[in-house]
Amino acid sequence: MIYIGCHLSVLNGYQAMGRTMLDFGGNTFAYFTRNPRGGKSKDIMPDDADALNTLLKQANFGPLVAHGSYTMNLCAANPTTRANGLDMLGKDLRRMEYFPGNFYNFHPGSHVGQGTDTGVQLIADALNQTLWADMQTTVLLETMAGKGSEVGGSFEQLRAIIDRVALKQKLGVCFDTCHTWDAGYDLVGDLDGVLRHFDDVIGLDRLCAVHFNDSKNARGSHKDRHEKLGQGHIGADAMKRIALHPALGGRPFILETPNDAAGYIHEIRTVRHWLEACDG
Ligand code: FE
Ligand code: FE
Ligand code: ZN
């Protein structure tokens, strides 16, 4: 059994997100740790954090998947941009300690012409400067579509980052279905083969969370345009097979589909029906 939920706005605080997700019928969620484009963050009120932690426990939520800012590029060519990214990562991870035992995922970065190997090294350097031994968060590298100079468009690139980080036990991967499809992995025709390949290269024990998105584009398009569940090129049948795949059991599945609240409620209910039908 997986956990299902969607991306929520942190605008009304932390406990409010937990309440909203209960209303939506889900049992996990994602949120941006700071403004995804501007990079600013709001202070966390300890009472609000405690209230959310209590709610998560009472309602048997799965782990949350907080998302780092899009402006954070740990392998930027510009040293100032890189330093800003390092600063954001450090502060985000310190703030995650208010919510012990959850996940923090981020886009590895874009190497902007420096080459993949330099990108991989800069990302690993940043993680080596930021992770600490008794932190309570697992940091997830997101699988990317391979748009532009993005690092992380292949499992091998993510593995290369992990290999160069000392505190590997703090690292995992967030598997974005739209991104891996756009990167060229055949989730429709050969889901077992893709997951076996992931296991060979990275290890399924590191696959900690799923971003559960359909794609507006054909496989291998390197575009990264999310579509509503079942309305894209991956399609309902393959999305259902992913949700029910035994290798992905126990993971939080986060919808980042282009939806309003009603659309998310509908998709969460759809996934729940798949899970229940398979249970009986
Ligand atoms: Fe993402
Ligand atoms: Fe994603
Ligand atoms: Zn995306």
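Preceding this paragraph is the structure being described.
Residues numbered from 1 in each chain as written. Chains lettered and ligands numbered in written order. Predicted model: local features only at pLDDT ≥ 70, side-chain atom pairs only at ≥ 80, totals over all residues. Heavy atoms only, no water.

> Which residues make up the layout of surface pockets, and what are the values?
In this structure, the largest pocket occupies an estimated 530 Å³ of space. For the largest pocket, the lining is made up of 22 residues, of which Arg37, Tyr70, His107, Lys147 and Asp224 are closest to its centre. Around the second largest pocket, the lining comprises 20 residues; the ones closest to its centre are Val10, Leu11, Tyr14, Phe32 and Lys42. When the residues that make up the lining of the second largest pocket are grouped by side-chain class, the tally is 8 nonpolar, 6 polar and 6 charged. (1 Å grid on protein atoms, 1.4 Å probe; cavity = no way out; pocket = protein on both sides within 12 Å on 5 of 7 lines; lining within 4 Å. Points joined across faces, edges and corners; volume = space filled by probe spheres on them. Nonpolar A, V, L, I, M, F, W, Y, C, P; charged D, E, K, R; others polar.)

> Give me the lowdown on the packing of aromatic side chains, citing residues and values where you can.
Within this structure, the stated rule accounts for 12 aromatic pairs. On the numbers, 5.4 Å between centres and 75° between planes, the contact of Phe32 with Tyr70 is edge-to-face. Remark: Tyr70 occurs in the loop between β3 (65-67) and α3 (79-96) and Phe32 occurs in strand β2 (residues 28-32); sequence separation between them is 38 residues. Grouped by ring-pair contacts, the aromatic residues Tyr14, Phe29, Tyr31, Phe61, Tyr98 and Phe99 constitute a single cluster. (Phe/Tyr/Trp six-rings, centres within 6.5 Å; stacked < 30°, edge-to-face > 60°. Helix = DSSP H or I, 4+ residues; strand = E, 2+ residues; numbered from the N terminus.)

> Give a description of the coordination of the zinc ion (ligand 3) that names residues and reports values.
Between any two of four tetrahedral donors, the ideal angle at the metal is 109.5 degrees; between two of six octahedral donors, it is 90 or 180 degrees. Within the protein, the zinc ion (ligand 3) binds to His179 (NE2), Asp224 (OD) and His226 (NE2); these donor distances fall in the range 2.0 to 2.2 Å. Donor residues for the zinc ion (ligand 3), ordered by position in the chain, follow H-x44-D-x1-H. (Donors = N, O, S within 2.8 Å, 3.2 Å for Na, K, Ca; no water.)

> Before we move on, can you summarise helix α2 (residues 46-58) with the specific residues and values?
Spanning 13 residues, α2 covers 18 Å between terminal C-alpha atoms, matching the ideal 18 Å at 1.5 Å per step. Those residues of α2 not exposed but buried are Asp48, Ala49, Leu52, Leu55 and Leu56. Seen from one end, α2 has its buried residues packed into an arc of 125°, which puts them on one side. Opposite the buried face of α2, at more than 90 degrees from it, the exposed residues are Asp47, Lys57 and Gln58. Packed against the buried residues of α2 are α1 (14-24) and β2. Asn60 sits one or two positions beyond α2 and adopts a positive phi of about 55°. (Expected span 1.5 Å × (residues − 1). Buried < 20%, exposed > 50% of the residue type's maximum accessible area, 1.4 Å probe, protein only. Arc of directions from axis to C-beta. Contact = heavy atoms within 4.5 Å.)

None of the figures reported here should be taken as evidence of function without further support.
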